[in-house]
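# Reading the structure
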Amino acid sequence: MYLFRHNGQLSIEEFYHPFGGQLDPDNRWVVMSGIIPWEKLEGQYAPQFNRTIGAPAKPFRMALAALCIQQRLGLTDRDTVEIISECPYMQYFIGLSGYQFTKPFDPSMMVHFRKRIGPDLIKICNDMTKQNGIAMLKDLLAECSERECTEADKEELASIVALLGEKPSSDDPDANWGTLMLDATCAPEDIPYPSDLRLLNEARETTEYVIDKLHAQISDSYGRKPRCNRDKARHMFLSIAKKKKTTKKELREAKRFQLIEISRNLSSIDKLINCGASLSGLGRHFYQKLLVTSELYRQQQEMYDADVCRVGNRIVNLSKPHVRPIVRGKAGRKTEFGAKISISDDNGFVDLDRLGWENYNESTDLIPRVEKYKQERGYYPECICADQIYMTAKNKQYCADRGIRLSGRRLGSNSKEQETTAEQKELFKADQRKRSVIEGRIGTGKRKYGLGLIMTKLIETSECVISMALYVMNIEKILRLVRLVYAFFLCLYYFLLLLLKPLQGEGWMLAA
């Protein structure tokens, strides 16, 4: 059950603080709370709950704000709750009316927050927050422009307006404007390197655990427990795993033995089930792991028989069967294991265009992203900066028909359609320098916002973390622009103050 709480958010001056004094209204969490339209987003969150049945859920503001704090600071679930209970600014950010010493919720609620606030809802939050932030910045800029400004101040205002990614009103409304940057990357999952022998050993140990549980249910009627060569299989695995270098023959023999053991154990499990044992006694975790083990055995046996190292929908982790190997060809990491994401930089704001656990060709994302750009703004971008993989014949023809400059290295070794004049060469170099921005966004997301290693276990929670990282990046951009406008407004105020001081005398400044 979900209860709407529209009693109005307290201002930072009204926030109860038992230690006395007043909190800083320019604190980042206070400013950030004014950027996010909480009440509008709550209407998108509440429909997933029953109106009459169940205990009241935590407010949407508390859930989203807690995820933002965790993603921004790179904390665990327990540390997130601890730091919220210690900081009054964070308690104001999550919507509390006053500081409290007790924890606002249990750390286990963070998992439920990630499940409820999925990628679709985060995308809505991203769009509405961006619109609200841009509108707030426009109001501040309009207030600044109404004051007396020098030519230098007007140029600085114009540069701040350009950072919003808004088309100037003086331009043709139907003309192309803006720069769209596209790229794709992998968000690695927190899993050990998936060697085939280690996966087979883990699968064998899983089947042995299942045999122990099932035999305990019918030990009186079944008799002796099915045979398992546990010690021998474990010893053979360790003898290979501890070697610095192994020959192909030794590795293949170790795989063969593990496959034989898994096959015998799966047959024994079938016999135990036919004799009356029930899989319901395993629990959800080991039941799912047994199903994954069966598919892993089929894949590994197929690769062993064909003596190859590739198979479709390859499982690389028993606890996370949705993770796939993503071949990126990067220096030091040719293959990464996680979700592949396509992102775009729309004049400074980062959007998640596609998230998939299977490898795909990102060049197919260009046309849908450009059409979304046209739908949101009413015009096409002037330039698209992308990698070489996006330079397909279909994409080039699409951009040429709409007057869009698709800037990037063309496909083909003997292509003659690249820049021919000095002006075109300089334009191409300038576009390539612009494309480094999207590479920087990816690097920042991986180093600072948690995209470098996804620590969650479930597929829905991992997707939430990836989407939330990009959402927090956009909030941070709006926060930087707000502070930039505040700094400009403050400088302008003191400039006018000093300018009028000789005219009004010393008493005017003291009165002000």
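Residues numbered from 1 in each chain as written. Predicted model: local features only at pLDDT ≥ 70, side-chain atom pairs only at ≥ 80, totals over all residues. Heavy atoms only, no water.

### A look at the nonpolar core
Counting residues in hydrophobic clusters, the biggest one holds 84 residues, and the most contacted among them are F60, L64, F93, F105, I117 and Y471. Element by element, the count of residues in this core is highest for helix α17 (residues 459-504), at 15 residues. Apart from residues no more than four positions distant in its own chain, F60 is found in contact with Y2, W38, L41, E42, Y45, I117, L121 and C125. Among the nonpolar cores identified, the runner-up in size contains 22 residues, and V210, I269, Y297 and I315 belong to it. (Core = buried A, V, L, I, M, F, W, Y, C linked by side-chain atoms within 4.5 Å. Buried < 20%, exposed > 50% of the residue type's maximum accessible area, 1.4 Å probe, protein only. Helix = DSSP H or I, 4+ residues; strand = E, 2+ residues; numbered from the N terminus. Contact = heavy atoms within 4.5 Å.)

### Some remarks on the state of the cysteines
By the definition in use, this model includes zero disulfides. Sulfur of C68: no disulfide; nearest cysteine sulfur belongs to C125 and is 8.3 Å away. Accessibility expressed as a relative area gives 0% for C125, which makes it buried. (Disulfide = S-S within 2.5 Å.)

### Focus on the pairing of strand β3 (residues 333-346)
By the criterion of burial, β3 is predominantly enclosed, with eleven of the 14 residues buried. The pairing of strand β1 (residues 179-188) with β3 spans nine bridges and is antiparallel. Within the sheet, the bridge partner assigned to M181 lies in β3 and is D345. Sheet topology places strand β2 (residues 324-330) next to β3; five bridges connect them, and they run antiparallel. Note that in β3 the partner of V327 across the bridge is T335. (Pairing = 2+ DSSP bridges.)

### Observations concerning the pattern of salt bridges
Counted by the stated rule, this structure contains 32 salt bridges. Residue K103 is joined to E82 by a salt bridge in which the shortest nitrogen-to-oxygen separation is 2.9 Å. Here E82 lies in helix α4 (residues 77-86) and K103 lies in the loop between α5 (88-93) and α6 (109-116), a separation of 21 residues in the sequence. Among the ionic pairs, K320 bridges to E189, the shortest N-O distance being 3.0 Å. Taken together, the positions of K320 in the loop between α13 (284-306) and β2 and E189 in the loop between β1 and α9 (196-217) put the pair 131 residues apart, joining distant regions of the chain. Assessed through its relative accessible area of 4%, E189 is described here as buried. In the salt-bridge network here, residues are joined through shared partners; they are K130, D346, D351, D353, R369 and R377. (Salt bridge = Lys/Arg side-chain N within 4 Å of Asp/Glu carboxyl O.)

### Considering the packing of helix α2 (residues 38-45) against helix α3 (residues 60-73)
The geometry of α2 relative to α3 is characterised by a closest axis approach of 9 Å and an angle of 100 degrees between their N-to-C directions. Between α2 and α3, the angle is such that the two are roughly perpendicular. The residues of α3 that touch α2, namely those facing W38, L41, E42 and Y45, are F60, R61, A63, L64 and A65. In terms of residue class, the contact of α2 with α3 is made up of seven nonpolar, no polar and two charged. (Axes fitted to C-alpha atoms, helices over the stretch in contact; angles between N-to-C directions. Parallel < 35°, antiparallel > 145°, perpendicular 65-115°, else oblique. Nonpolar A, V, L, I, M, F, W, Y, C, P; charged D, E, K, R; others polar.)

### Points about the packing of aromatic side chains
Applying the stated criterion across every chain yields a total of eight aromatic pairs. With centroids separated by 5.0 Å and ring planes inclined at 45 degrees, the aromatic side chains of Y45 and F60 adopt a geometry described as tilted. In this pair, Y45 sits in helix α2 while F60 sits in helix α3, placing the two residues 15 residues apart along the sequence. Comparing Y45 with F60, the two get one shared label, buried. When the centroid spacing of 5.3 Å and the interplanar angle of 70 degrees are considered together, the rings of F105 and F113 count as edge-to-face. Accessibility expressed as a relative area gives 4% for F105, which makes it buried. Take F113: its relative accessible area is 0%, and that puts it in the buried class. (Phe/Tyr/Trp six-rings, centres within 6.5 Å; stacked < 30°, edge-to-face > 60°.)

### Looking at unusual backbone geometry
A positive phi is found at D307, a non-glycine position, where the angle reads about 55 degrees. Along the chain, the position of D307 falls in the loop between α13 and β2. Residue D307 is classed as partly exposed on the basis of its relative accessible area of 43%. In this model, N313 sits at a positive phi of 55 degrees, which is unusual for a non-glycine residue. Along the chain, N313 falls in the loop between α13 and β2.

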